[in-house]
Amino acid sequence: MSSSATESATGSRWTSVAEGTGAAFLGIAETVGGMGVLFGRILVRLFALPPRLDYPELKRNLHKMAVKSLPIVVVTALFTGAIMVIQAAPLVKRVGAEGLLGWAAGFSTIREVAPLLTALMISGRVGANNTAELGTMVVTEQLDALRALAIDPVAFLIVPRFIGIIVTLLVMTLYADALALFGAAYTGEGLLQVDTRTFYNGLTGGQLYFGDVADGLIKSLVFGLVIALASCHFGLATKGGAPGVGRAVNATVVASAAGVFVLDYLVGFLLG
Amino acid sequence: MTEEEGHRPHEMGLTPPEPPGVVHDLGATAIDLFIGARELYSVFVRTLYYVVRGKRDKGAVLRQMFEIGNRSLFFVSITMGFIGMILLYQAGLQAKRVLPDFSMLGATYLELLVRDLAASLGALMLATRVGAGIAAEIGSMVVTEQVDALRMCAADPIDFLLVPRFLASMVMTTALIVWGAVIAFAAGAATAAIAFDVPLRTFCDMQLIDWGDLSTGLAKCVAYGAAIPVVSGYCGLSTFGGSEGVGWATTRAVVNSSLAIIILNAVISTAGLLIFGAK
């Protein structure tokens, strides 16, 4: 009697675990599918002749996303450069090659850390903001109003934001690369007494190729794609009034961060 | 030309307000930053005060530990696994160009992981997940006037809302980062074995880790664990402007916690370098 009761209890627990796992996978599949469909709809507008998007809205979004995020990107990049030098310091001291400092810090900064941290900051600032804005529009039925006026919401709202986020991230990564190396050079001089000239020599001394910079930039393009799709998808899928906007923002931030890391690995592996 | 100049409005005594210049913008930003920093500091000090003197609500800390810790476990495991793979892959590529010798790869990777990367990257992940959650929850309480109701009951919202999250986050951030480091190391070991043919026995090499690395890493865990709830709680408590405001508060919480982590990282790493030296 009691054994059968416990058996059924454990049985139901296992069922609920299986149910939870299945629901989680279905949720992930739904998100990825939704983002794919949205991507298709954006591409259809972009490759129409002439491209169907709202240019004033694009300009407004570029200003809001790129110009306004410049301060946090500058701060992040400068500190990132400093951290990379501090982390490379023991390695350089151990080998006793100060000329290697620029290369050791620059290689990982340009290939990996600058695109990654810039993407995380932009996803937090621009992606989340974008979702909050779109979600509020959905909840207050402004998208339905656009449709009622025979204005295509995808061409009017989504395509400009999509392009805006991708361009923003690419340009910001370029800035971050340069500023991180700048910060790294001066940290090296202040903390490790490595002359900035030695640092820049190590950087340009032959072991770092244009391919490495391009690698980071390709990564930032892919990150921009994910952040843009995730933030637009969750914004458009907002349900349930005002609290729904908060939930959508949360979902965007988490999905973008996870997507950025997973794709970082895949792209890094593919580019080799 | 001269006629037009003669009719300029300011010469007629109708000076329009001058458009704000660069100096105006710079000053406004500086004042905003100063006020924000002062309020953040006040939230932090009040949190510390209530940690010592506040009333304890027994279940609250445990509930928050479950919310912050257990609920983030899956997310942290997945992201740290991928971080471990990509970091090792990059390190291997970097090592290949200078000296094609992978025997120290594991030891260097483990040292870097313990001293910095596990704590900082793990905390950045937690800042997005936990920080956004805290700001959204407290922000919607502010907007629906539940925080004002708390004040009416003579309960300080910092004591009631922020202190349990603060304590829970300090414990659970450290636990999650240790777990994340284990996952990242395992993922790195697998990548090293597959991509660079480094045997597991060579890879698991702890000779470079010393007390300096461990204490720097642990100091970072605790500092990030304290910073995330304080910064996000401050952003949540300063929510204004209805439901839309909750979205902005969440955004600010994520960005500001990430910035706080990066700045704390630079400060603690510098301190660690100066105290323990570069060996």
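Computed from a predicted model, the values in this text were never measured in an experiment.

A.B. asks: Would you mind going over the overall build of chain B with me for this structure?
C.D. replies: Helix and strand counts for chain B stand at ten helices and zero strands. Ordered by position from N to C terminus, the α and β elements of chain B give α-α-α-α-α-α-α-α-α-α. Its C-alpha atoms give chain B a radius of gyration of 25 Å, clearly above 19 Å, the size a compact globule of 279 residues would have. For chain B, the spread of C-alpha atoms along the principal axes amounts to about 85 × 65 × 35 Å. Relative to its full complement of 279 residues, chain B shows a buried share of 48%. In chain B, the proportion of contacts linking residues at least 24 apart, taken out of those at least 6 apart, comes to 88%.

A.B. asks: Please explain the environment of Lys64 of chain A as it appears in this structure.
C.D. replies: All names here are of chain A. Looking at the secondary structure, you find Lys64 in helix H2 (residues 55–65). Classification of Lys64 as partly exposed rests on a count of 17 C-beta atoms within 10 Å. In sequence terms Lys64 and Val75 are eleven residues apart; their C-alpha atoms lie 18 Å from each other.

A.B. asks: Help me out: how do you make sense of the confidence of the model for chain A in this one?
C.D. replies: Any segment with low pLDDT has predicted coordinates that should not be analysed in fine detail. Scored by pLDDT, chain A has a mean of 86; 95% of the residues are at 70 or more. Here residues 1–7 of chain A is a poorly scored stretch, pLDDT under 50, and it has zero contacts once near neighbours within four places are set aside; other chains count.

A.B. asks: I tried to follow the packing of helix H6 (residues 153–192) of chain A against helix H7 (residues 196–204) of chain A on my own but got confused; where do I start?
C.D. replies: When two helices pack together, their arrangement is given by the angle between their axes and by how far apart the axes lie. Residues and elements named next belong to chain A. Interhelical geometry of H6 versus H7 gives an angle of 135 degrees and a closest axis separation of 8 Å. Classed by the angle they form, the pair H6 and H7 counts as oblique. Of the two possible hands of crossing, H6 and H7 adopt the one that is right-handed. Touching Leu181, Ala185, Tyr186, Gly188 and Glu189 of H6 are Thr196, Phe199, Tyr200 and Leu203, all from H7. Of the residues assigned to the contact of H6 with H7, the class counts are six nonpolar, two polar and one charged.

A.B. asks: What is the right way to look at the interface of chain B and chain A in this model?
C.D. replies: It is common to give the size of an interface as the accessible area lost on bringing the parts into contact. Of the residues lining the interface, 42 residues belong to chain B; the matching set on chain A comes to 44 residues. Those elements giving two or more residues to the side of chain B that touches chain A turn out to be helix H4 (73–98), helix H5 (105–143) and helix H10 (242–276) of chain B. The element best represented in the side of chain B that touches chain A is H10 of chain B, accounting for 18 residues. Here the residues of the side of chain B that touches chain A are counted per class, giving 22 nonpolar, 15 polar and five charged.

A.B. asks: Would you mind showing me how to read the environment of Gly245 of chain B here?
C.D. replies: Residue and element names in this part refer to chain B. Structurally, Gly245 is set in helix H10. Along the backbone, Gly245 and Ser140 are 105 residues apart, and their C-alpha atoms lie at a distance of 8.7 Å. If near-sequence neighbours (up to four positions away) are discounted, Gly245 is found in contact with Gly139, Val143, Thr239 and Phe240.

A.B. asks: Honestly, the confidence of the model for chain B in this entry has me stumped. Any pointers?
C.D. replies: All names here are of chain B. Confidence in the prediction for chain B averages 86 pLDDT; 92% of positions are at 70 or higher. For residues 1–6, every residue scores under 50 in pLDDT, and the model assigns this stretch one contact once sequence neighbours within four places are set aside. If you check the scores for this complex, the pTM reads 0.84 and the ipTM reads 0.79.

A.B. asks: Quick question: what am I supposed to make of H7 of chain A here?
C.D. replies: For an α-helix the count is 3.6 residues per turn, leaving residues at separations of three or four pointing the same way. Residues and elements named next belong to chain A. Of the residues making up H7, those classed as buried are Phe199, Gly202 and Leu203. The buried residues of H7 all sit within an arc of 100 degrees when viewed along its axis, so they share a single face. The exposed set on the far side of H7, more than 90 degrees from its buried face, consists of Arg197 and Thr204. Considering only its buried residues, H7 is in contact with helix H4 (101–139) and H6.

Thresholds applied
- Residues numbered from 1 in each chain as written.
- Chains lettered and ligands numbered in written order.
- Predicted model: local features only at pLDDT ≥ 70, side-chain atom pairs only at ≥ 80, totals over all residues.
- Helix = DSSP H or I, 4+ residues; strand = E, 2+ residues; numbered from the N terminus.
- Rg over C-alpha atoms; globule rule 2.2 N^0.38 Å.
- Buried ≥ 20, exposed ≤ 12 C-beta atoms within 10 Å, placed from the backbone.
- Contact = placed C-beta atoms within 7 Å.
- pLDDT = per-residue confidence, 0-100.
- Axes fitted to C-alpha atoms, helices over the stretch in contact; angles between N-to-C directions.
- Parallel < 35°, antiparallel > 145°, perpendicular 65-115°, else oblique.
- Left-handed = near helix turned anticlockwise from the far one by under 90°.
- Nonpolar A, V, L, I, M, F, W, Y, C, P; charged D, E, K, R; others polar.
- Arc of directions from axis to C-beta.

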